[in-house]
Amino acid sequence: MAVQPKKDVVIVGYGAAGGPISTELALAGYSVVALERGPHMTTKQDFAQAQLDTLRWAVRGGLLPTFQDLPFTFRSDENAVANPARYAMSTMVGGASVHWSGQSWRYFEDDFRVRSTVMELYGEERLQHLAEDGAAIADWPLTYDEVEPFYEKVETHVGIGGWPGNIQGNLRPVDPQEGNPFEAPRQADYPFRPLRDNATDLTFRQGALELGLHPFHVPTAITTVPYLSPYGVSRPPCTYCTFCTGHGCWNASKSSSLESLLPAAEATGNFELRANANVLRINTEGGRAVSVEYVDTLTGEVHTQPGDIFYLAAYSYQNVRLLLHSGLDGNGLVGKYFMNRSGPSVHAIFTDRMINGFNGPAVQRQGIDNYNGEVAFEEKMQLSDDDFFIRGSFIGSPSQRNPLQTYGTLPDDVATWGSGFKEHVKENLNRFMSLQFVAEPMPYESSYLDLDPNHVDEYGVPGVRVTRQVKQNEQRMARFLFRKGSEIMRAAGAARVWGSDEVSPVATSTHDLGGARMGSDPSLSVTNRYCQMWDVPNLFVGGGATFPSMAGKNPTQTIWMMSYWTADAIENGKVDLDDAEAHT
């Protein structure tokens, strides 16, 4: 087994979580190595031509690992047999930030204090259904005001465009018709504007305004102007092709750790990237991490990489898998309180207009937050005990409705083959749209990740097993959201609206969080506020695994933000690498 030269910082995985901390610590003079289990694909070599293929990438998931490469199973009950599931996130340099949609959000202020907020608004008596179902709602051990500067850094350094909804308390200060008026206060505007609107966006906006709601174009991690970041990384504007979600960007316009951050880290001379380096185990001595063991997947050679500081930057599933396989269970809490999304579905056909949903990236999208977080708490207070729920969802109008991604979404009375099917597709394919619901789930004691002893990879490492349930809160929320979404489509003039208000647990929603929750109490959490493990103080856990709650928004910008937050804590001595309880 070859032993590599020791580094100050060892990063495991190079996706969204790995990008900011690698760059910042390398800029600060630390020697940094990032070990990424997947290949190093690039825009020029791999994406510029091949990505213009819906079937290969978006439908068949050409960027995703196989079950044999990354075993992954799911069950809805711990007494059930877990079945193989499809892993929905790529393993490559840049990770899922390469093929994500680019919908990029700050969380609300109350997203960081969920327990306190709902107790203040509703009281314990109204929350009995959560207690019955074993919900473990919690506040984050930090506040929005503390992390706001790091959200801004993501927007400027990674590259996020949008319309501001709240600058220092001034609502919609740039355009009175644009920006999210419910967003948490920001100190500065976005560095550029979001993608332009298309017919899908404007149709949704029409329905929302008709109902007195507050639509806005979503913030987008896609450049709309030639953009030079503070790191000196230059990228061109989006060309509005429709090969976006599920694809690597052929034009380098979609912001990712690959495009926005890797060039800056490499330019320091203090950073080394090793692709095809699959970390198998964290080695510890005397309560400290001393090295990781990894295999070069191209040669089969096994290596040891020593370091002083270790940061787990893989996806939530793989961070938990690695901790458990290394015997680091965080007092039995690693894997607990796992969350992912299930939501209702709403589809519509407009006979009076052409929607042309294939026209443009998925995040050419208008949306509303009127029913997200606790914005609608007064309306929810009027619900019966059988319908009442906490939290909520963003509702929006995604584009990128390419034919191969759309033709199978059919009303119940349309056959899936034959002349009736063909006639339906011919008449309605370009008159069709669906809604997106980013519904916030609860963390439950009965929803968790562990290792599946029945499925191991070629190196003998057990795969992740997901045990996930949806309970009363998710079911009640889905019924409410289905009704609201249907109302928006009808108000927009839809001739036909259909879908489902039923929700079922899923193995992955591409927003998969929890399993190493942060907190203030070592007996109730795996890490402290800086993502530093209580019982292994030189080991930090990045990505969504540390999130105590999920929010009704995509998590990627918050993952990037938390990576900057942890980097700042390390660089400025806010953490004690010998004692996780001695942080500031």
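Model, not experiment: these values are computed from the prediction.

### A closer look at the overall build of the chain
Argument step 1. Per the secondary structure count, the chain includes 14 helices and 25 strands.
Argument step 2. The C-alpha atoms of the chain give a radius of gyration of 23 Å, which matches the 25 Å a tight globule of 584 residues would have.
Argument step 3. Each principal axis of the C-alpha atoms in the chain carries an extent, and together these give about 65 × 60 × 50 Å.
Argument step 4. In the chain, which comprises 584 residues, the proportion classed as buried is 61%.
Argument step 5. Within the chain, contacts between residues at least 6 apart in sequence are counted, and of these 76% link residues at least 24 apart.
Argument step 6. When the accessible surface of the chain is totalled, it reaches about 21,000 Å², and 48% of it is carbon and sulfur.

### Observations regarding the packing of helix 1 (residues 18-27) against helix 8 (residues 257-267)
Two numbers describe a pair of packed helices, the interaxial angle and the distance between the axes.
Argument step 1. Packing of helix 1 against helix 8 leaves a shortest axis separation of 8 Å and a crossing angle of 15 degrees. Here helix 1 lies roughly parallel to helix 8, going by the angle between them. Here the hand of the crossing between helix 1 and helix 8 comes out left-handed. Contacts between helix 1 and helix 8 involve Gly-19, Pro-20, Thr-23 and Ala-26 on the former and, on the latter, Ser-257, Leu-261, Ala-264 and Ala-265.
Argument step 2. When the residues that make up the contact of helix 1 with helix 8 are grouped by side-chain class, the tally is five nonpolar, three polar and no charged.

### Thoughts on empty space enclosed by the protein
Argument step 1. Counted by the stated rule, this structure contains six cavities of 30 Å³ or more.
Argument step 2. Lining the largest cavity we find 16 residues, and of these Trp-105, Asn-180, Glu-183, Tyr-190 and Pro-219 sit closest to its centre.
Argument step 3. The computed volume of the second largest cavity comes to approximately 90 Å³.
Argument step 4. As for the second largest cavity, its lining consists of Ile-222, Cys-238, Thr-239, Cys-241, Phe-243, Cys-244, Cys-249, Trp-250, Asn-251, Ser-253, Lys-254 and Pro-361.

### Side note on the environment of Asn-473
Argument step 1. Secondary-structure assignment places Asn-473 in helix 13 (residues 472-491).
Argument step 2. A relative accessible area of 0% places Asn-473 in the buried class.
Argument step 3. Separated by ten residues in sequence, Asn-473 and Gly-463 have C-alpha atoms that sit 30 Å apart.
Argument step 4. A polar atom in the side chain of Asn-473 sits 3.0 Å from the backbone nitrogen of Ile-390.

### Some points on the sheet that holds strand 18 (residues 393-396)
Argument step 1. The antiparallel open sheet is built from four strands, whose spatial order is 8-17-18-20. Of all the strands in the sheet, the pair left with one neighbour each is strand 8 (216-217) and strand 20 (436-439).
Argument step 2. Where strand 17 (residues 366-368) meets strand 18, two bridges bridge the pair, whose relative direction is antiparallel. Residue pairing for strand 18: Gly-367 is matched across the bridge by Gly-396.
Argument step 3. Along the sheet face, helix 7 (residues 199-210) touches strand 8, strand 17 and strand 18 and points at about 30 degrees away from the line of strand 17.
Argument step 4. Where helix 13 meets the sheet, its contacts fall on strand 17, strand 18 and strand 20, and the angle it forms with strand 20 comes to roughly 150 degrees.

### Regarding the packing of aromatic side chains
Argument step 1. Counted under the stated rule, the structure contains 25 aromatic pairs.
Argument step 2. Seen from their ring centres, Trp-140 and Phe-547 are 4.9 Å apart, and the 55 degrees between their planes marks the pair as tilted. Here Phe-547 lies in the loop between strand 25 (539-541) and helix 14 (556-571) and Trp-140 lies in the loop between helix 5 (128-132) and helix 6 (144-159), a separation of 407 residues in the sequence.
Argument step 3. Note on Trp-140: relative accessible area 5%, which makes it buried.
Argument step 4. Classification of Phe-547 by relative accessible area gives buried; the value is 0%.
Argument step 5. Taking 6.1 Å as the distance between ring centres and 35 degrees as the angle between the ring planes, the aromatic pair formed by Tyr-144 and Tyr-151 counts as tilted.

### Topic: unusual backbone geometry
Argument step 1. Backbone geometry places Asn-331, a non-glycine residue, at a positive phi of 55 degrees.
Argument step 2. Take Asn-331: it is sitting in the loop between helix 9 (316-325) and strand 15 (339-340).
Argument step 3. Here Asn-331 falls in the exposed class, since its relative accessible area comes to 60%.
Argument step 4. Non-glycine residue Cys-531 carries a positive phi angle of around 70 degrees.
Argument step 5. Tracing the backbone shows Cys-531 in the loop between strand 24 (512-513) and strand 25.

Rules used in this analysis
- Residues numbered from 1 in each chain as written.
- Predicted model: local features only at pLDDT ≥ 70, side-chain atom pairs only at ≥ 80, totals over all residues.
- Heavy atoms only, no water.
- Helix = DSSP H or I, 4+ residues; strand = E, 2+ residues; numbered from the N terminus.
- Rg over C-alpha atoms; globule rule 2.2 N^0.38 Å.
- Buried < 20%, exposed > 50% of the residue type's maximum accessible area, 1.4 Å probe, protein only.
- Contact = heavy atoms within 4.5 Å.
- Areas by Shrake-Rupley, 256 points an atom, 1.4 Å probe, with all protein chains shown as cover.
- Axes fitted to C-alpha atoms, helices over the stretch in contact; angles between N-to-C directions.
- Parallel < 35°, antiparallel > 145°, perpendicular 65-115°, else oblique.
- Left-handed = near helix turned anticlockwise from the far one by under 90°.
- Nonpolar A, V, L, I, M, F, W, Y, C, P; charged D, E, K, R; others polar.
- 1 Å grid on protein atoms, 1.4 Å probe; cavity = no way out; pocket = protein on both sides within 12 Å on 5 of 7 lines; lining within 4 Å.
- Points joined across faces, edges and corners; volume = space filled by probe spheres on them.
- Polar contact = N/O pair within 3.5 Å; in protein donor to acceptor, adjacent residues only side chain to side chain.
- Pairing = 2+ DSSP bridges.
- Phe/Tyr/Trp six-rings, centres within 6.5 Å; stacked < 30°, edge-to-face > 60°.

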